[in-house]
Structure formats: structure tokens, C-alpha cells
Amino acid sequence: MMLIRPPRFLSPSPAPGPREPRLRRPLDASRIFSSPRPPGRRPRAASPATDLRRLTARIVDLTRRRQLAQIMEEVEAARRRARGGGVLNTIVMNAVLDACVRCGDVDRALRHFEEMRGPRGCGVDGVSYGILLKGLGIARRIDEAFEILESIEKDSSIGSPRLSPHLICGFLNALIEAGDMRRANALVARFRKVLYEGHSVLLYNLLMKGYIKSNFPLGALTVKDEILRQGLKPDRLTYNTIISACVKSVEIDKAIQFLEDMKEEANRESNPELLPDAVTYTTILKGLGNSRDLYSVLKIVVEMKSSLLSIDRTAYTAMIDALLACGSIDGALCIFGDIIKQAGNNKDLRPKPHLYLSIMRAFATRGDVDMVTRLSKRMWPDSVGFISRAAKEEAHELLMEAAINNNQIDLARGLLRRIVNEKECFSWTSRVGLVAVKVESLSGFTNSLLRPHVFPQIILDDPVEKYMVSFQESRPLPADIILRKVVMRFLKDRAVPLVDDWGGCVGIVHRDDCTKLDAPLLSMSRGPLCVPTSTTVEHVIDLLLREKSEMVIVVKSGNMYEGSYTSSSRPLGVFSLAILWSFTGDYSSDIQDPDFSRVTTLKQNAEACNCN
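Residues numbered from 1 in each chain as written. Predicted model: local features only at pLDDT ≥ 70, side-chain atom pairs only at ≥ 80, totals over all residues. Heavy atoms only, no water.

*Asks:* Even after reading the chapter, I still don't get the UniProt feature "repeat: PPR" (unreviewed entry) in the protein, so can you show me in this structure?
*Replies:* Per the UniProt entry, the sites bearing "repeat: PPR" (unreviewed entry) are residues 89-119, 200-234 and 235-269 in this numbering. Taken end to end, residues 89-119 comprises 77% helix and 0% strand; its first and last C-alpha atoms sit 14 Å apart. Along residues 235-269 the backbone is 86% helical and 0% strand, and the end-to-end C-alpha distance reaches 12 Å. (UniProt positions renumbered as here; feature names shortened; annotations may be inferred. Helix = DSSP H or I, 4+ residues; strand = E, 2+ residues; numbered from the N terminus.)

Shown next, in the form of C-alpha cells:
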């Protein structure tokens, strides 16, 4: 006799009675979802592995939002729930390490790394070492990173990681992002055998990017020659990087030639992965726009629209910017109309507010008040993304600029009065500052808002060497020092130069850029703005206004191009806005933080004084 057991998922049989067909009974959704659980059935508990996968995904999501404190709370809660003394696996802890590095807390990453490789830790692997090396490179703690690499090379590291190109490339990329090509080349030379074992173009692409960031973009061309000598084939990223280097070096003809080589090689090898993409054409358009080559811009635009290339919002924006830079407002409007037409079916093509502002600037220069007003009104409903307060203010300022360029002085003065009343602070560095100067000058400076200052003690044609202070007198700071240790310095100085271990100037830190107390100064610095000693004060003032900088580095006259800095150009002195203000006629110690663009008024009054 066989005993037939009912399936486990069925409820016990109901009491005998009249039975009605189940399929004819109407289904009640509320009954289905609210019915009690059948007896003897319990929810299946999640396995520990599933919990850890969910925790890892949660950490990755919080890392994107830079919520490090929340990550630490949830990890501690998971440790309390975990069995075996609260130990999480290596995958979860690697996600925690990556979160610390991305959020800029390298010290905490080091503490977690020590816990992982401790006697009660979950252990470390090659991914752990790679994340830590990347974090040390971002934090400019180069010596500690090299110590770890040497311990890995000697097989004395816990976890027995293998010295691989993937392990080193994260550290190398951090050095390249910081523009430290000296140490990047030293790293490549030290571990050349390991880095070249894969024979991949990844390393060469990183080196080319480094040359672009180190103000020597044409050095990327030598890297391409090395790729060909090694028997490797450049990929699309290689060509895009080379084209970017040529554009940055204002070698537009070379960029166009590499574009043609790219297409020719793709057709010859039937390799669609090598064809130019939107990034390639966007880079080319930027260079052509800067060189004001309208014919070439139109040629590239026609080529993009006639190809099978998927043109995104960024590419369309690059087209319009290039056409506006070449003075073709009608061509820009044609492309803009094409965007608006296609945005009805593709929401990803809806323009952002800054594109409206770019077109409004062109019409404001023409004095077309009507077009500026129309674009300003359509920017609110038709654009996508957040419209910042600065964008709203600039829209009003451009309307005032259009009015003054159309000789509507009364309208311009009314707009200026409203702008000044609505602003908490008035900055003369913006376009409205220059327009305000014109409005006040056409009005005879009646009830002037500028209150101009003069400095009769300075002659604009004098070389900057006459008024600079020595470089050592400016008290430069080490580039790798943490902001927290020298934060009091920026209460007095608006800009401070940075030096490396060899005494060369590697950047200038502005007070407004100091946003992370635990970050090194070099990560928040701008590239050194350099001028020879023979540069006139007038040219230096124009350079400060154009670059919106507080300080320039004065170097020995020689073969150098303006704005660059090389290791052979030793810093001799600095010239800053603070030095300029010391020459004003009514300068006093009470003026500690003057507005930047008052330099424009100083320059105009100095010219008047020199003429008299």
C-alpha cells in the first residue's frame, strides 16, 4: 500500500461538506493580499550571502551620494548582526575602502585597511591594495604609496597581492590627474617591466592625458610614436586624446589631420569602433571655434549631421558655441531650432539654461533687446535642469547690456537700478560690471555707484619687475600640505603660491577655492599664471582680469609662452591685487578685501592720470 503525501505548499484539507468549483469563485484582490498565512508556513530567511550583497549595493549607492557617515552607521549595524564576532567579507570592506577614498577620507581608509589585514580581519586582496594606492595618490601621499608598492614587489605584504598593471594604473592615474608628470614618469620607469607586460594602449592613453594636464600637450604626440614602435594599434580613446592635445596647443591643422587618419584607418580595417564619435567632433569644434574658422566649423557640422553618428545634447551645444564664437548667429539659431524641434520627441535633447545664455550674449552684443527678452522668457519653460540664481541674474544683466548697446540709456539705467537693489553684493567681475561702467560714463557719472579710486604712484608702462615682491617674501607653501594646518593663512591672504620639493612653483591657491579642510593644497590650486619680468603693468592687469586670478608669478624673461610654466623658469617674484591696492590714493588698512573688478576702474583712472 502506497502512502501519498500532499505537497508541502498546500493547506490542510477543509472539513467535508458541499464542494463548489474553485474556478467559478470570483477572485477578490483584497482577500488575496490580506489573507492570513497558511499554518505551518514561514517566510524564508535571507541567507548571509544575500544580506552582504545587499549591503555592498547599498554602500555603492551611498558612495555616489557622498554620504560617508551613513555608510559607517550601516556597516557598524551589519557587524553587530553578523555572526562570528562581527566580521564582514572582503568584498564589503573593499566597497567601504572605495567609499572613504571617493569621499576624500584617506586616513579612515587606512584604518579600515589595517583592520582588514589584522588577525581578526576579513583579509585583503589585490583590489584592496589598488583602492588604497589610488587614495594615497589622490591625497598626494606619494612616499607611503611607494612603500606599499615596494613591499608588494618584495612579497612581504599580507594577502600576497600580485604586482600587476591594474594595481599600478590607479595610482598612476591619480598622479596624472594632479599634473605631477615627474613622479608619474618615475613610476613608469620604476615598474616598466610590469606595466608593459600586457602590451595594452591603456598605459599610453594615461600618459598622453598626463601631458595634456601638465601644460605640455604636444608631448602626447611622442607617446603615439611609442605606441606604433611597440606594434600596438591606437584605439578611439588614443585618437581623441591626441586631438584634444592638438586643440589645447592651438594646432588645429594637426587635429584635423588626425581626424582624417582616424576615419581612413577605420575604413581600411573595417573597424567601426575606430570611427569618430561625439567626443571627437566636440573637441574639434571647440578648437575651430577658438580659431574663428567658420568654414571648417560648417564643414564639421554638415559631416556630423550626414553621418550615422548619434548627436547628443553636448554635441549640439558644441555646434552652437562654435558658430557663436565665429560670429554666425544665424547658423547658431538654425541649430538651436533643430534642437527645439527634436526635443519634442526626445526629452534628452532639451537644451540647458547655459545654452540660452550663450545665445542671449550674442544678441545682447548686437543690441537686440527683443530677441534677448524672448529668449529670457522661453528659458524657464523650455530648458531642462536647475536654473541657478546666477543664471537668472545674468539674464537680467544681458537685457541691460542689450539696452545700452541699442542706445536705450533710460531702460539700461532702470535695469541697472533694479539689479543693484536686488543683489546682496555687487561684483564688477561680471559682464554687468563692464556695462555699468558704460552706463555711468554715458550718464556723466552722476550719482556714480563705482566710487573710483586712483593710484598716481604707478605707471602702467613700467615693467612688472619694478612693483613685484620677491618670491620668498610671498611666503609660498608646500604643495602637499593639508589645508587644515595652514587655514589661518587664508584669513589674511587671498592667494598663496605653492612650491614642490625642488622649489618650483606648481600652482596658486585662492581663498575662494579652499573648500576641503582635509585635502592637500595642490588638489585645490590653479595652474601658475606666469609673466616675464619685462611685462608691463597694464598687460598684467588685463591678464588678471581675463583669467579672474588674484596673483601672477613673475619669472625670468626667456623662451616661454604666456601663462605657461616650465621647470627651467624659476620664480623670481609675485604681483597680486593686494600689491596693486597698496598704490591707491586712499588706501588704508581698513580695506582688507576689496572687490576684484575695481581694478578695471583703477586702470581707467590711472590712464587718465598718466595722460594728464
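*Asks:* Looking at this structure, I do not really get the nonpolar core. What am I missing?
*Replies:* Across soluble globular proteins, nonpolar side chains show a tendency to be buried alongside one another. In terms of nonpolar packing, the biggest core is built from 127 residues, with I59, L285 and I320 touching the most fellow members. With residues near it in sequence (within four places) discarded, I59 still touches I71, V75, V92, A95, V96 and A99. Core analysis: the next-biggest nonpolar cluster, separate from the first, contains 19 residues, I458, L529, F575 and I579 among them. (Core = buried A, V, L, I, M, F, W, Y, C linked by side-chain atoms within 4.5 Å. Buried < 20%, exposed > 50% of the residue type's maximum accessible area, 1.4 Å probe, protein only. Contact = heavy atoms within 4.5 Å.)

*Asks:* Would you mind showing me how to read unusual backbone geometry here?
*Replies:* In most cases, non-glycine residues show a negative phi, while peptide bonds are predominantly trans. The phi dihedral of R140 falls on the positive side, at around 65 degrees, and the residue is not glycine. On the secondary structure map, R140 appears in the loop between α6 (126-138) and α7 (142-153). Judged by relative accessible area, R140 falls into the buried class, the value being 10%. One non-glycine residue, R475, lies in positive phi territory at about 55 degrees. Taking the relative accessible area as the measure of exposure, R475 reaches 45% and is therefore partly exposed.

*Asks:* Would you mind going over the sheet that holds strand β2 (residues 477-478) with me for this structure?
*Replies:* With mixed pairing, the 3 strands of this open sheet are ordered in space as β2-β3-β4. A strand with exactly one partner marks an edge of an open sheet, and here the two such strands are β2 and β4 (505-510). Of the strand pairs in this sheet, strand β3 (residues 495-499) and β4 are connected by 5 bridges, and their pairing is antiparallel. Looking at β4, one finds that P497 is bridged to I508. (Pairing = 2+ DSSP bridges.)

*Asks:* Help me understand a nonpolar patch on the surface in this model?
*Replies:* Together, V487, M488, L491 and L517 give the surface a local cluster of nonpolar side chains, amounting to about 390 Å² of exposed area. Among the residues examined, L517 registers a relative accessible area of 39% and is labelled partly exposed. (Patch = residues over 30% accessible without salt bridge, like charges linked within 9 Å, V, L, I, M, F, W, Y side chains within 5 Å. Areas by Shrake-Rupley, 256 points an atom, 1.4 Å probe, with all protein chains shown as cover. Salt bridge = Lys/Arg side-chain N within 4 Å of Asp/Glu carboxyl O.)

*Asks:* What should I look at first to understand the sheet that holds strand β1 (residues 469-470) in this one?
*Replies:* Neighbouring strands of a sheet are bound in pairs by backbone hydrogen bonds; such pairs are parallel or else antiparallel. The 4 strands are arranged β1-β7-β6-β5 in an open sheet whose pairing can be described as mixed. Edge positions in the sheet fall to β1 and β5 (530-532), since each has one partner strand and no second. Bridge analysis of β1 against strand β7 (residues 571-576) gives 2 bridges, and the strand direction is antiparallel. Looking at the pairing, S470 lines up with G573 of β7. Docked against the sheet, helix α24 (residues 537-547) engages β5, β6 (551-555) and β7, running at close to 135 degrees with respect to β6. (Axes fitted to C-alpha atoms, helices over the stretch in contact; angles between N-to-C directions.)

*Asks:* Whenever I open this one, helix α5 (residues 106-116) confuses me. Can you help?
*Replies:* Along an α-helix, a turn takes 3.6 residues, which lines up residues three or four apart on a common side. Burial in α5 covers these residues: V106, A109, L110, H112, F113 and M116. Buried residues of α5 fall within an arc of 165 degrees about the axis and therefore sit on the same side. Buried residues along α5 sit against α3 (68-81), α4 (90-102), α6 and α7. (Arc of directions from axis to C-beta.)

*Asks:* Mind showing me how you'd approach helix α17 (residues 313-325) here?
*Replies:* Compared with the 18 Å implied by 1.5 Å per residue over 13 residues, the 18 Å span of α17 between its first and last C-alpha is a close match. Residues of α17 that are buried: A315, Y316, T317, A318, M319, I320, A322, L323 and L324. Here the buried face of α17 lies against α15 (278-290), α16 (294-306), α18 (329-343) and α19 (353-366). Once α17 ends, the next one or two residues include G327, with phi positive near 85 degrees. (Expected span 1.5 Å × (residues − 1).)

*Asks:* For this particular structure, what's the right way to read the pattern of salt bridges?
*Replies:* Where side chains of opposite charge bring their charged atoms close, a pairing between them can arise. All chains considered together, the criterion is met by 27 salt bridges. Put simply, E115 and R79 hold a salt bridge, and the shortest N to O gap is 3.6 Å. Of this pair, E115 sits in helix α5 while R79 is found in helix α3, placing the two residues 36 residues apart along the sequence. The partner of K263 in a salt bridge is E303, and the shortest N-O contact between them spans 2.8 Å. Here K263 is found in helix α14 (residues 252-268), whereas its partner E303 is found in helix α16, with 40 residues between them in sequence. For K263, a relative accessible area of 17% translates into the label buried. Take E303: its relative accessible area is 18%, and that puts it in the buried class. Taken together, the shared-partner salt bridges in this structure form one network comprising D61, R64 and R65.

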